[in-house]
Amino acid sequence: MVIQIPDFVEVVLTRLNENGYEAYVVGGCVRDAMLGKLADDWDVCTSAMPDQVLSCFSDMRTILTGIEHGTVTVLSDHKPIEITTYRIDGQYTDCRHPDSVTFTASIVEDLARRDFTVNAMAYHPNRGLVDPFGGQQDVSMRVIRCVGDPHTRFREDSLRILIGLRFASVLGFTIDRSTSDAMLDLHLLLKQVAVERVYTELEKMLCGESVASVLTAFRTVFSSVFPDLVWYSDLPDVIERLPCDLICRFGGMYHKSANIKSALTELKAPKMVRDEVVSLLKACGEKLPIDFPNIRLWFGVYGHECVQRILALVSALGQNVAELRASVCKIEQDRLCCSISDLAVNGDDLLELGLQPGKQLGVTLKALLCAVVYDQVSNDKQALLNYTAKYLIET
Ligand code: ATP
Ligand code: MG
């Protein structure tokens, strides 16, 4: 098993080795490399103590990310690498953080504290793979399995339940039976975890390509972590039919729920996410336009991104939107005028014609937009000015 390690990471391993310390890339980057994916972040674990790590990299920029837990970030070629001293986690009393950590000289002890077998592997270009818990085999069988006894591991840190479900959804892995039994047994412990952490996992889990089977098998877990969720029979399939877009997927999740705004507020979703989901569901609840001029006006109100989401959600919910989609394609291809800001004239042009600022201006611009979308006048400056003059005379 050979893993291609980028140069900016390799220099960090080499520097630690030259100073007499062990160092490996570890965790998600090893798992991703086995899956043929380039990792987003490369984590390093080492036998060096945090102050020894700092002195090894005294000529480079370092950040004391979590020095009390043994983590120092080094900027190598401007890219951050987290270097963590081998450690054993102490007692957990808050279901989330170890009360203390103990540094150790053993890579195997460090791997034993990690969540899942597929994340509990380390690799060094010369020493090869360190895989004491069968992670490589679980990657090849595409299985999520706890390191050690699942009940114990989820009691220590119940966020691991959602981390495991997130991996199953994103990687399309199945969950080993004793791990999934423990997830179902202990999911209520998630109520003790900071909601921000829960939200981060839910966000990633919802956007996974294999989310349907996870939602189906762990419905009880999700019903307890998503506030105010009203489940409907084909919810998992609706979500998986949607693009991997957070707003759409939250829309599918909360499609039947009444208090979406308060549910997402309770989850501490970012305000932008919350507002976009709320307006998506509101837009989906309105009657969709049928004739082309109204489709244009509708497109002008919502814009490209929101319209694509509305189409995705209503079609995932079973409505045939082929014709509406074709009209939207035409609007976009031909760059048709759909809103006041698309008009070839603006308020200033109309003021020059002698219109009064204020209400009259707004009403006139709206009338011009209607005239354009109903093909009574072309969206051309002179044509619009002539039309306005005529329109004004007539009023
Ligand atoms: P991602 O692709 O999301 O970054 P990752 O596995 O790299 O996945 P990180 O959050 O970057 O996840 O964590 C790095 C490593 O730290 C994990 O691979 C795992 O070995 C360990 N780890 C992270 N969170 C926990 C946890 N709650 N309990 C035990 N080990 C953990
Ligand atoms: Mg990672």
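Residues numbered from 1 in each chain as written. Chains lettered and ligands numbered in written order. Predicted model: local features only at pLDDT ≥ 70, side-chain atom pairs only at ≥ 80, totals over all residues. Heavy atoms only, no water.

(A) Region of the structure containing the overall build of the chain. Secondary structure assignment for the chain yields 20 helices and eleven strands. Taking 2.2 N^0.38 as the reference for a compact globule, 395 residues should give roughly 21 Å; the C-alpha atoms of the chain span a radius of gyration of 28 Å, well beyond that estimate. Its C-alpha atoms put the chain at 90 × 50 × 35 Å along the principal axes. The 395 residues of the chain split such that 48% are buried. Long-range pairs, those at least 24 residues apart, make up 63% of the contacts in the chain between residues at least 6 apart in sequence. Entry remark: accessible area of the chain is about 19000 Å², with carbon and sulfur atoms responsible for 51%. Placing the 39 positive and 52 negative side-chain charges of the chain at their respective mean positions leaves the two points 5 Å apart. (Helix = DSSP H or I, 4+ residues; strand = E, 2+ residues; numbered from the N terminus. Rg over C-alpha atoms; globule rule 2.2 N^0.38 Å. Buried < 20%, exposed > 50% of the residue type's maximum accessible area, 1.4 Å probe, protein only. Contact = heavy atoms within 4.5 Å. Areas by Shrake-Rupley, 256 points an atom, 1.4 Å probe, with all protein chains shown as cover. Lys, Arg positive; Asp, Glu negative; His and termini not counted. Charge placed at Lys NZ, Arg CZ, Asp CG, Glu CD.)

(B) Layout of the domain arrangement of the chain. Once the domains are mapped, the chain shows domain 1 (1-134), domain 2 (142-225), domain 3 (231-336) and domain 4 (340-393). For domain 1 and domain 2, the distance between their C-alpha centres works out to 24 Å. Contacts between the two partners involve 18 residues from domain 1, matched on the other side by 24 residues from domain 2. Both sides of the domain 1 and domain 2 interface together cover about 1700 Å² of buried area, and 60% of this is carbon and sulfur. Applying the counting criterion to the domain 1 and domain 2 interface returns five residue pairs in polar contact (both at pLDDT 80 or more). (Domains from an automatic or database assignment. Buried area = accessible area lost by both parts, 1.4 Å probe. Polar contact = N/O pair within 3.5 Å; in protein donor to acceptor, adjacent residues only side chain to side chain.)

(C) Representation of the site of ligand 1 within the structure. Near ligand 1 lie 15 residues; those nearest to it are Arg31, Asn119, Asp157, Arg160 and Arg166. For ligand 1, a nitrogen atom lies 2.8 Å from a polar atom in the side chain of arginine 160. The contact in question runs from an oxygen atom of ligand 1 to an N or O atom on the side chain of arginine 166, over 2.7 Å. Look at ligand 1: alone it shows 580 Å² of surface, and the protein chains cover 74% of it. Elements supplying a minimum of two residues to the shell around ligand 1: helix H2 (28-34) and helix H7 (159-171). (Near = heavy atom within 4 Å.)

(D) Layout of the state of the cysteines. A complete count under the given rule lists zero disulfides for this structure. The cysteine cysteine 45 is free of any disulfide, with cysteine 29 supplying the nearest cysteine sulfur at 9.1 Å. Take cysteine 45: its relative accessible area is 0%, and that puts it in the buried class. Free cysteine cysteine 306: the closest other cysteine sulfur is in cysteine 284, separated by 7.7 Å. (Disulfide = S-S within 2.5 Å.)

(E) Structural context of the nonpolar core. Phe222, Phe226, Phe250 and Tyr254 are the most contacted members of the largest nonpolar core, which has 101 residues in total. Looking at this core, the element that brings in the most residues is helix H16 (residues 292-316), giving eleven residues. If you look at the next biggest cluster of nonpolar residues, it comprises 15 residues, including Cys337, Val345, Leu369 and Val377. (Core = buried A, V, L, I, M, F, W, Y, C linked by side-chain atoms within 4.5 Å.)

(F) Representation of the side chain of threonine 46 in the model. Tracing the backbone through its elements, the reader meets threonine 46 in strand E2 (residues 43-46). Looking at threonine 46, the relative accessible area reads 0%, which means it is buried. One polar contact links the side chain of threonine 46 to the main-chain amide nitrogen of alanine 48, over a distance of 3.0 Å.

(G) Focus on the packing of aromatic side chains. Applying the stated criterion across every chain yields a total of seven aromatic pairs. Among the aromatic side chains, those forming a connected cluster through ring pairs are Tyr199, Phe222, Phe226, Phe250 and Tyr254. The ring of phenylalanine 8 has lysine 79 sitting right over it, with the charged end atom 4.9 Å from the ring centre. Across from the ring centre of phenylalanine 167, 4.5 Å away, lies the NZ or CZ of arginine 166, which sits over that ring. (Phe/Tyr/Trp six-rings, centres within 6.5 Å; stacked < 30°, edge-to-face > 60°. Lys NZ or Arg CZ within 6 Å of the ring centre and 35° of its normal.)

(H) Up close: the sheet that holds strand E3 (residues 62-66). Here we have seven strands laid out as an open sheet, ordered E3-E4-E5-E2-E1-E8-E9, and mixed in their pairing. Each having just a single partner strand, E3 and strand E9 (128-130) make up the two edges of the open sheet. On average, each strand axis in the sheet is inclined to that of its neighbour by 35°, with strand direction left out of account. For strand E4 (residues 71-76) and strand E5 (residues 79-85), the ladder comprises six bridges, and the chain directions are antiparallel. Directly across from threonine 71, in E5, lies its bridge partner threonine 84. (Pairing = 2+ DSSP bridges. Axes fitted to C-alpha atoms, helices over the stretch in contact; angles between N-to-C directions.)

(I) Main features of unusual backbone geometry. For histidine 78, which is not a glycine, the phi torsion comes out positive at approximately 70°. Unlike most non-glycine residues, aspartate 228 shows phi in positive territory, near 55°. Secondary-structure assignment places aspartate 228 in the loop between helix H11 (219-225) and helix H12 (235-241).

(J) Looking closely at the pattern of salt bridges. Inspection of the entire model under this criterion finds 23 salt bridges. Taking the shortest distance from any N to any O, the salt bridge between arginine 274 and aspartate 275 comes out at 3.4 Å. Between lysine 381 and aspartate 349 there is a salt bridge, with the nearest N and O atoms lying 3.4 Å from each other. Residue lysine 381 is found in helix H20 (residues 381-394), and its partner aspartate 349 is found in helix H18 (residues 347-352); the two are separated by 32 residues along the sequence. You can call aspartate 349 buried: its relative accessible area is 14%. (Salt bridge = Lys/Arg side-chain N within 4 Å of Asp/Glu carboxyl O.)

(K) Quick look at the pairing of E2. For strand E1 (residues 23-26) and E2, the ladder comprises four bridges, and the chain directions are antiparallel. When the sheet's bridge partners are listed, valine 26 is paired in E2 with aspartate 43. In the sheet, E2 pairs with E5 via four bridges, with the strands oriented parallel. Bridge pairing links aspartate 43 to glutamate 82 in E5.

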